[in-house]
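Each chain, written out:
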Amino acid sequence: MTTTLPAHAVGGPDLPQVRRVSTAVPGPRSNALARRRAAALPAGLASSAEVYVAAAGGGVVVDVDGNSFIDLGSGIAVTTVGNCAPAVVARATEQLRRYTHTCFLATPYEPYLEVAETLDRLTPGAFEKRTALFNTGSEAVENAVKYARAATGRPAVVVFDHAFHGRSLLTMTMTAKNRPYKHGFGPFAPEVYRAPMAYPYRWPSGPEHCAAEAFAQFAHLIDAQIGPDQVAAVVVEPIQGEGGFIVPAAGFLPAVAEFCRQRGILLVADEVQTGIARTGAWFASEHEALVPDLVVTAKGLAGGLPLAAVTGRAEVMDAAHPGGIGGTYSGNPVACAAALGVFDEIRRHDLLGRAHTLGEQMVTHLRAIAATTGVIGEIRGRGAMIAAELVHPGTTDPHHDAVTSVTRHCQRHGVLTLTAGTHGNVLRFLPPLSMPDDLLTEAFTVLGEGFASL
Ligand code: PLZ
């Protein structure tokens, strides 16, 4: 049985930009697909929404029952330039007609070079750089560690509390949270060490001590416990994504960077969630003038096609021997063409500026909601990467149930949101930058009603 799609099931910005819920959520067609799913897919694959997609574009996702949802998730920070963005569709379509794959390791092609040249130019740092392409964020993080080990000859990797770096063996090990990511999947990879994150809202002695104390503990871990000459790399998200949009206390990341520089430890910025215009800069590292040795990108890079990259200092990237790095699909030509379309869209529509504007609007809406409820402990983030951490009123105790109930309210009323945080108590907002102002306002009105109904 195949579900018949609604007639308007063509995505992109021409999709009617409306919120419309005309069935129960999920509707009958989504329910039919859910029954097929239960019989065909394993339980370990979970989805946060119960509706199945027919088309998406601009600021909406339309489901197979014809309901139109305002999208505050962008497929987990991927469709930053909008779903089916015109330049992405045009470039990818043209590429699909030429060749779909040759394998860059077998017969190379120009679109790969163009993506690499662009990232070499755009990433922080005036030095000579190189870029290698991969398929997923996990794969790229894993390869960044391979480069760092090859270049330094050292084994250890230092990561932080609340980090998310992926689901492969090494990157699952680097990820902090046990459930759902690690539970039952060990043993884990060796030589991964974890330092506290400078998380101002939850720093025990108060936010004003956060940067200095977190840095002291980080330095102690490396200098006293691991040994600085054993550490290949420190891998850090400039704003932690899955961890709950934690913006490290000001000054912490620059101190970490200087510490690494003095000890020959490579600084790897995992910009998989923050990179490519999301925070109002090409890279979130720029907000604190951080110049990482290696930058990892994925998600927003190719507008929804699987593409990831490691960009870094030429001498580090050239340390891995010829043939030591690769993969059958890495840097697929259709995904590369899509990435070139993403760069076009960002420039053409000043999406860095748009990320700032959307972010300011979201913060304003959230502050208004916070004034009417006791459960918003903190509003934080940068650009179009904004979150609200929910707590039991009058405390900082995580309020997971409030997140679940607001999320459910939003979904039933035509707004798709995502959650995050080690305690699952963070609502995160990642609208596509193609979101019209009025739709964003409408989404936050629905969100406010969700809070009011708690
Ligand atoms: N690094 C900073 O945010 C992916 C995870 C979804 P992949 N985040 C979404 C899930 O539950 O698996 C992510 C990230 C950061 C690495 C990754 C991993 O990227 O493309 O999912 O492998």
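All residue numbers here refer to positions counted from 1 along the written sequence of the relevant chain. Only residues with pLDDT of 70 or above have their local features reported here, since the model is predicted, and side-chain atom pairs are shown and tallied only from 80 upward, although totals for entire chains, interfaces and linings are computed over all residues. Hydrogens and water are ignored here; the side-chain numbers use all heavy atoms of the structure.

Draft legend 1. Quick peek at the site of the ligand. One heavy atom within 4 Å of a molecule or strand is enough for the residue carrying it to be called near that molecule or strand. Not every one of the 15 residues close to the ligand is listed here, only the nearest: Gly137, Ser138, Arg167, Asp270 and Gln273. Counting of polar contacts relies on pairs of N or O atoms within 3.5 Å, with two restrictions inside protein: one atom must be capable of donating a hydrogen and the other of accepting it, and residues adjacent in sequence are counted only when both atoms are side-chain atoms. Between an oxygen atom of the ligand and a side-chain N or O atom of arginine 167, the distance comes to 2.6 Å. The separation between an oxygen atom of the ligand and a polar side-chain atom of glutamine 273 is 2.8 Å. Three classes are used: nonpolar for Ala, Val, Leu, Ile, Met, Phe, Trp, Tyr, Cys and Pro, charged for Asp, Glu, Lys and Arg, and polar for all others, with Gly counted as polar. Each residue belonging to the shell around the ligand can be placed in one class, and the counts come to four nonpolar, six polar and five charged.

Draft legend 2. Expanded view of the pattern of salt bridges. Counted as salt bridges are all cases of a side-chain nitrogen of Lys or Arg within 4 Å of a carboxyl oxygen of Asp or Glu. A full pass over the atoms with the stated rule returns 13 salt bridges. Between glutamate 242 and arginine 428 there is a salt bridge, with its nearest N and O atoms 2.9 Å apart. Of this pair, glutamate 242 sits in the loop between strand 7 (231–236) and helix 8 (252–263) while arginine 428 is found in strand 15 (residues 426–429), placing the two residues 186 residues apart along the sequence. You can call glutamate 242 buried: its relative accessible area is 15%. The closest approach of N and O atoms between arginine 380 and glutamate 378, which form a salt bridge, is 2.7 Å. Three labels apply to residues, based on accessible area from a 1.4 Å probe with only protein chains included: buried if under 20% of the type maximum, exposed if over 50%, partly exposed otherwise in between. Given the relative accessible area of 9%, arginine 380 is considered buried. Judged by its relative accessible area of 21%, glutamate 378 is partly exposed. Overlapping salt bridges, with partners in common, bring together Arg202, Glu378, Arg380 and Glu389 in one network. Only DSSP runs of H or I reaching four residues or more are called helices, and only runs of E reaching two or more are called strands; each is numbered from the N terminus.

Draft legend 3. Structural view of the sheet that holds strand 9 (residues 294–297). Taken in spatial order, the seven strands make up an open sheet running 4-10-9-8-7-5-6, and their pairing is mixed. The open sheet has two edge strands, strand 4 (129–134) and strand 6 (192–195), and neither has a second partner. Across the sheet, the axes of successive neighbouring strands diverge by a mean angle of 20 degrees, strand direction being ignored. Two strands make a pair as long as DSSP finds a minimum of two bridges between them. In the sheet, strand 5 (residues 156–160) pairs with strand 7 via three bridges, with the strands oriented parallel. Bridged to valine 157 within strand 7 is alanine 233. Here an angle of 0 to 180 degrees is reported between the N-to-C directions of two axes, which are lines fitted to C-alpha atoms, with helices fitted over the stretch in contact.

Draft legend 4. View of the environment of alanine 370. Counting through the fold element by element, alanine 370 comes out in helix 11 (residues 351–370). Sequence separation between alanine 370 and alanine 388 is 18 residues; the distance between their C-alpha atoms is 9.2 Å. Two residues form a contact once any of their heavy atoms are found within 4.5 Å. Excluding residues within four positions of it along the chain, alanine 370 makes contact with Ile376 and Ile379.

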